[in-house]
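Read off the chains here:
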Amino acid sequence: MASCAQEIPPLKDRLGSISAVTAMVQPVAAALLITAIIMYMTSRIILGWGRKNASKNSGNLPPGTMGLLPVVGESLQYSRPSGRFLPAVFISDRIKRYGPLFKSHIFGGPTIISTDAKVNQLILQKEGTLFKSGYPRSILSIIGMHNTTEIHGNTHKVVRNVILNVVSSRIRDDKVISYISDEIVQRMNAWDGQIVRFQEEATRAKRKVVQVLQKLIAKKMCRPATETYDILDGLLAVEGDTLTREVIIDVMLGVTFAAYETTARVLMLIPKFLGDNPHVMKTLQDEHFHILGERACTEKVTLTWDAYKSMTFTEKVVKEALRLVNPGDIVFREAMEDVNVDGYVIPKGWKVMPCFSPAHTDPTIYKDPLSFNPWRWNNKDTNNMEFTPFGGGIRQCAGKELAKLELSLFVHHLVTRCRSL
Ligand code: HEM
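Per-chain numbering applies: the sequence of each chain, read as written, is numbered from 1 onward. This being a predicted model, a pLDDT of at least 70 is required before a residue's local features are given, and a value of 80 or more before pairs of side-chain atoms are given or counted; all residues contribute to the totals for chains, interfaces and linings. Computation of side-chain values covers all heavy atoms of the structure but excludes hydrogens and water.

Within an unreviewed UniProt entry, the label attached to the protein reads Cytochrome P450, and the organism entered is Ceratopteris richardii. UniProt positions are given in the numbering used here, feature names are shortened, and annotations may be inferred rather than shown by experiment. Its UniProt record gives the protein a comment under Cofactor (unreviewed entry), which states: "heme". The record held by UniProt for the protein lists under Subcellular location (unreviewed entry) the comment "Membrane".

Right, dumping it as structure tokens:
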């Protein structure tokens, strides 16, 4: 058995080992001290920075926190996946803590987040006077620096009119309906027995879009627009000093992004809603087999504008899916001057982020809001500020009628396909 004397080394040796340990610990301690000093100084700078931002404005900023780091702010918390439907946990937690209007620091800048339907309406309606579209650079670098969100005034009006005119005239064309319908069937056939990797497909596709657009423009320049007149034809027809070729390509990129990501997200979740709600599926099947009549599922069906307009229950299913999925949940604006809202000030130059999903899932507006219930739309007005899946004001979605058509045609093929499975 070892004695205590053997366990405790003599003082000289102990001093030796202590100094060895000290030698080892010293750099670590020094590093810790320096880190602590840097953290202290950083926090002072940050706190000072936060106060400086606030003190520039005489009014009362909405409550909220700005996060610990100047550039990152609360972006990491904001982008943490929620694992459930919107609103994101970040948003619902802050509504509980601060109320419907709060400040944060996300996407690289101080931001006021509004989840109040009335305030959102004000922000959207005052586009061009109190607020202007103001998407963060990180988003613009993907969707193009000159896309629809970044063009203002008359140029925006011209571009918007082109898109609205092309969309509203072409979706009534049965040939276009048939084209979309065939595309859906083709894609569905390719999905059979496969896991669909939407994200990978999208990323790969995005890289090719600019090349495709450039080739398409070159082709279009060589022949006059025909009956296949599309948004690109429309934009090329008004090409000029402000609407340059570069802007047109970015607008097309933006339209592709706006049209694809949003519609795909709703489309992806519709099968889940129907799988979870067999009674909705049954009612849909009744509607769509009625449209099919005696025709067998395997027969190629040519859908028409009239057939689409007769899909009245489908319209409610699409609305309900839009309410819960909310692919256009947030939009970005920038305050053009100090704006007073509900006793708070939104300072000039700050980003403003109207967020729609809290109103869409508010139990005082929608009974049992998280249930998928298309019948709730039987007597409900949808032209109000509490249902804004397509935004509002002069920047309201220019493709909303096309999106609703595409989603309805998808539902048609999805529910009639099941008979043959
Ligand atoms: C479910 C599908 C869709 C949803 C939920 C949706 C949602 C939205 C929202 C919320 C905005 C407003 C953005 C803002 O205020 O900053 C918007 C704008 C826009 N969307 Fe959609 N969108 C959808 C599909 C489409 C489609 C299919 C197109 C194709 C043409 C499209 C084209 C546009 C364009 C061009 C704008 C900009 C309008 C402007 O600035 O005047 N969207 N969309």
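This part takes up the packing of helix 11 (residues 245-276) against helix 12 (residues 278-292). Here helix 11 crosses helix 12 at 105°, and the two axes come no closer than 5 Å. Regarding the angle of helix 11 to helix 12, the classification is roughly perpendicular. On helix 12, the residues that touch Leu 274, Gly 275 and Asp 276 of helix 11 are Pro 278, Val 280, Met 281 and Leu 284. When the residues that make up the contact of helix 11 with helix 12 are grouped by side-chain class, the tally is 5 nonpolar, 1 polar and 1 charged. Note on definitions: angles span 0 to 180 degrees between N-to-C directions of axes, and those axes are lines fitted to C-alpha atoms, for helices only across the stretch in contact. Put simply, DSSP H or I for four residues or longer makes a helix, DSSP E for two residues or longer makes a strand, and each gets a number counted from the N terminus. What sets the label is the angle itself: under 35 degrees gives roughly parallel, over 145 gives roughly antiparallel, 65 to 115 gives roughly perpendicular, and the rest give oblique. Contacts between residues were defined by any pair of non-hydrogen atoms, one from each residue, lying within 4.5 Å. Under the scheme applied here, ten amino acids are nonpolar (Ala, Val, Leu, Ile, Met, Phe, Trp, Tyr, Cys and Pro), four are charged (Asp, Glu, Lys and Arg), and all others, including Gly, are polar.

With that settled, consider helix 7 (residues 153-170). Helices are assigned an expected span. That span is 1.5 Å times one less than the residue count. Taking 1.5 Å per residue, 18 residues should reach 26 Å; helix 7 reaches 26 Å between its end C-alpha atoms and fits that length. Each residue's exposure class comes from its accessible area (1.4 Å probe, protein chains only) as a fraction of the maximum for that residue type: buried when under 20%, exposed when over 50%, partly exposed otherwise. Inspection of helix 7 places Thr 155, His 156, Val 159, Arg 160, Val 162, Ile 163, Val 166 and Val 167 among the buried residues, and these make up the whole buried set. Buried residues of helix 7 fall within an arc of 155° about the axis and therefore sit on the same side. For helix 7, exposure combined with an orientation more than 90 degrees from the buried face picks out Gly 153, Asn 154, Lys 157 and Asn 165. Taken together, the buried residues of helix 7 touch helix 10 (231-237), helix 11 and helix 16 (400-417). Throughout, the arc means that of the directions going from the helix axis to the C-beta atoms.

To continue, consider the pairing of strand 1 (residues 101-106). The element strand 1 is extensively covered by neighbouring structure, given that 6 of its 6 residues are classed as buried. Residues Leu 101, Lys 103 and His 105 point to one face of strand 1 and Phe 102, Ser 104 and Ile 106 to the other, with burial holding for every one of them. A pair of strands is labelled paired if DSSP reports no fewer than 2 bridges between them. Here strand 1 runs beside strand 2 (residues 109-114); their pairing, made up of 6 bridges, is antiparallel. Bridged to His 105 within strand 2 is Pro 110. A loop of 2 residues connects strand 1 with strand 2, the two strands running antiparallel in sequence, and Phe 107 in this loop sits at a positive phi of about 50°.

It is worth spelling out the coordination of the iron atom of the ligand at this point. Each donor-metal-donor angle in an ideal tetrahedron of four donors is 109.5 degrees, and each such angle in an ideal octahedron of six donors is either 90 or 180 degrees. Only nitrogen, oxygen and sulfur atoms qualify as donors, provided they sit within 2.8 Å of the metal or within 3.2 Å for Na, K and Ca; with water excluded from the atoms, sites may seem incomplete. Only one protein atom coordinates the iron atom of the ligand: Cys 397 (SG), located 2.3 Å from the metal. Residue position: Cys 397 is located in the loop between helix 15 (357-360) and helix 16.

Put simply, a residue is near a molecule or strand once any heavy atom of it comes within 4 Å of that molecule or strand. Around the ligand, the surrounding shell holds 26 residues, and the nearest of these are Tyr 135, His 156, Arg 160, Arg 333 and Cys 397. One of the side-chain N or O atoms of Arg 160 is found 2.6 Å from an oxygen atom in the ligand. At 6 residues, helix 11 tops the list of elements feeding residues into the shell around the ligand. Grouping the amino acids of the shell around the ligand by side-chain chemistry returns 15 nonpolar, 8 polar and 3 charged. Pairs of N or O atoms are called polar contacts if they sit within 3.5 Å, as long as, within protein, a hydrogen donor faces a hydrogen acceptor (for residues adjacent in sequence, only side-chain-to-side-chain pairs).

A surface patch of nonpolar side chains, amounting to about 510 Å² of accessible area, comprises Leu 68, Leu 69, Val 71, Val 72 and Leu 76. Structurally, Leu 76 can be placed in helix 3 (residues 75-79). On the basis of relative accessibility, which here comes to 62%, the residue Leu 76 falls in the exposed class. Grouping into patches uses exposed residues only, defined as over 30% relative accessible area, and leaves out salt-bridged ones; the cut-off is 9 Å for like charges and 5 Å for nonpolar side chains (Val, Leu, Ile, Met, Phe, Trp, Tyr). Areas reported here follow the Shrake-Rupley algorithm with a probe of radius 1.4 Å; residue values treat only the protein chains shown as occluding. Any carboxyl oxygen of Asp or Glu within 4 Å of a side-chain nitrogen of Lys or Arg constitutes a salt bridge here.

Okay, the UniProt feature "binding site: heme" (unreviewed entry) in the protein next. In the numbering adopted here, UniProt assigns the feature "binding site: heme" (unreviewed entry) to Cys 397. On the basis of relative accessible area, Cys 397 is assigned to the partly exposed category, the value being 30%.

Strand order in the open sheet made by the 5 strands is 1-2-7-4-3, with mixed pairing throughout. The open sheet has two edge strands with one neighbour each: strand 1 and strand 3 (131-133). On average, each strand axis in the sheet is inclined to that of its neighbour by 35°, with strand direction left out of account. The strands touched by helix 4 (residues 89-98) are strand 1 and strand 2; relative to strand 1, the strand with the most contacts, the crossing angle is about 135°.

All right, on to the side chain of Asp 329 then. Relative to the elements of secondary structure, Asp 329 occurs in the loop between helix 14 (312-325) and strand 4 (333-335). Note that His is not counted, nor are the chain ends; the positive residues are Lys and Arg, and the negative ones are Asp and Glu. The buried charged residue Asp 329 lacks any salt bridge, with Arg 265 as its nearest oppositely charged partner at 7.5 Å. A polar atom in the side chain of Asp 329 sits 2.7 Å from the backbone nitrogen of Ser 357.

The topology assignment puts Ala 321 in helix 14. The class for Ala 321 is buried, based on a relative accessible area of 0%. Through-space distance from the C-alpha of Ala 321 to that of Phe 372 is 7.6 Å; in sequence the pair is 51 residues apart. In this structure, Ala 321 is in contact with Val 266, Ile 270, Phe 273, Asn 326 and Phe 372, ignoring residues within four places of it in sequence.

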